[in-house]
Amino acid sequence: MDLTRRQRTPSGMYFVLLVSVVLWSGPASCITVSGPEEINAVQGESVTLSCHFTSTHRPTSRISIDWSFRPQSGGPSQIFFHFYSKVYPPEEGHFKGRVKWHGDPARGDASIRLLNASLTDNGTYSCAIRNPPDFQGLPSNTVLTVSLKKGTMHFSDIAMLLFFILLPSLLIAMLLFARMLCPCCSPRVKSSHVHRQSPIEDVDEMLTYSKECTYHHPSSKRKPAMCCEMYMEDSDEECRRYIEKHRMQLEAESHC
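Everything numeric in this text was worked out from a predicted model, so none of it was measured.

**Quick notes on the nonpolar core**
Counting residues in each nonpolar core, the largest one holds 26 residues, and the members touching the most others are Trp67, Phe80, Tyr125, Cys127, Ile129 and Leu144. Those elements that provide at least two residues to this core are strand S2 (38-42), strand S3 (47-49), strand S5 (64-71), strand S6 (78-84), strand S9 (112-114), strand S10 (123-130) and strand S11 (140-147). With residues up to four places along the chain from it excluded, the contact list for phenylalanine 80 reads Trp67, Ser68, Phe69, Pro89, Pro90, Phe95, Val99, Ile112 and Tyr125.

**Some points on the sheet that holds strand S7 (residues 86-88)**
If you trace the six strands from one edge of the open sheet to the other, you get S2-S11-S10-S5-S6-S7, paired in mixed fashion. Each of the sheet's edge strands pairs with one partner strand only, and the pair in question is S2 and S7. Neighbour-to-neighbour, the strand axes of this sheet turn through a mean angle of 20°, independent of strand direction. Where S2 meets S11, five bridges bridge the pair, whose relative direction is parallel. Looking across to S11, one finds that valine 42 is bridged to serine 147.

**Section: a nonpolar patch on the surface**
Taken together, Ile158, Met160, Leu161, Leu162, Phe163, Phe164, Ile165, Leu166, Leu167, Leu170, Leu171 and Met174 make up a surface patch of nonpolar side chains, about 1,200 Å² in accessible area. With respect to the secondary-structure elements, isoleucine 165 resides in helix H2 (residues 155-181).

**Focus: the UniProt feature "transmembrane region" (unreviewed entry) in the protein chain**
Per the UniProt entry, the sites bearing "transmembrane region" (unreviewed entry) are residues 158-178 in this numbering. With 100% helix and 0% strand, the stretch residues 158-178 has end C-alpha atoms that lie 29 Å from each other.

**Comments concerning the environment of proline 71**
Tracing the backbone through its elements, the reader meets proline 71 in strand S5. Since its relative accessible area comes to 28%, proline 71 is described here as partly exposed. Proline 71 sits 49 residues away from threonine 120 along the chain, and the two C-alpha atoms are 7.8 Å apart. Look past the residues within four positions of proline 71 in its chain and what remains in contact with it is Pro76, Asn122 and Gly123.

**Brief notes about the environment of glutamine 43**
Turning to its location among the elements, glutamine 43 is positioned in the loop between S2 and S3. Since its relative accessible area comes to 28%, glutamine 43 is described here as partly exposed. Counting along the chain gives 104 residues from glutamine 43 to serine 147, while the straight-line C-alpha distance between them is 5.8 Å. Apart from residues no more than four positions distant in its own chain, glutamine 43 is found in contact with Ala117, Ser118, Val146, Ser147, Leu148 and Lys149.

**A closer look at the state of the cysteines**
Scanning the entire structure with this criterion turns up one disulfide. Covalent S-S linkage joins cysteine 51 and cysteine 127, the inter-sulfur distance amounting to 2.2 Å. One disulfide, between cysteine 51 and cysteine 127, carries an S-S torsion of -80° and so falls in the left-handed class. Here cysteine 51, found in the loop between S3 and strand S4 (52-54), pairs with cysteine 127, found in strand S10; they are 76 residues apart in sequence, far enough to count as distant. Residue cysteine 51 is classed as buried on the basis of its relative accessible area, which comes to 0%.

What counts and how
- Residues numbered from 1 in each chain as written.
- Predicted model: local features only at pLDDT ≥ 70, side-chain atom pairs only at ≥ 80, totals over all residues.
- Heavy atoms only, no water.
- Core = buried A, V, L, I, M, F, W, Y, C linked by side-chain atoms within 4.5 Å.
- Buried < 20%, exposed > 50% of the residue type's maximum accessible area, 1.4 Å probe, protein only.
- Helix = DSSP H or I, 4+ residues; strand = E, 2+ residues; numbered from the N terminus.
- Contact = heavy atoms within 4.5 Å.
- Pairing = 2+ DSSP bridges.
- Axes fitted to C-alpha atoms, helices over the stretch in contact; angles between N-to-C directions.
- Patch = residues over 30% accessible without salt bridge, like charges linked within 9 Å, V, L, I, M, F, W, Y side chains within 5 Å.
- Areas by Shrake-Rupley, 256 points an atom, 1.4 Å probe, with all protein chains shown as cover.
- Salt bridge = Lys/Arg side-chain N within 4 Å of Asp/Glu carboxyl O.
- UniProt positions renumbered as here; feature names shortened; annotations may be inferred.
- Disulfide = S-S within 2.5 Å.

Listed below in structure tokens is the structure:
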């Protein structure tokens, strides 16, 4: 009877010890993993793939983190990054030399950073966490979309370019074209009309005007008058009136 009790006592102690360890460590639960559903990036830039987890037990050296990738074109997922006490970056394949550890397991962070993003990086990235004695939960899934670089010139830049370069060039071209069609628009012609002439210059102008006002027969060959000379093509009677009026003005000014 005593022998039987002695044989059962060690097994009973082991059972009590096992129950005590389980109760001391706490009940095991499922790990919760979360991350963004979608991330947009530009080709050539670096992008952070975020992953955060919650575990009832404090992360220890036994925690492991796996990152896997499934291309947008389809196919099975492949693990390209592993963490177990230290970082194991990809040593070959598409992500070689382009993945950096960016997390902190003690704070529930298992993020990584992808360098020099390209269009071939488009796809789904999954983050799986194991932290014994907790059970592994569902991994987080993040869809990465990498797009081409946008043009550096915006609509405002184009508008400023048109305003400061094309518009002045157009105005200068129109001015030159107007001078070619109408010589009276020249600055020299305008300044000659604005400048007050002396009586001697008025007499010379009057004589010149009287010569130009001579009657020309329609059949005579003569170049067509310009825009500023058309008013001088008048009858002899109007020319005489102009000369007489101008002479009276000169005589009045000479008396003064």
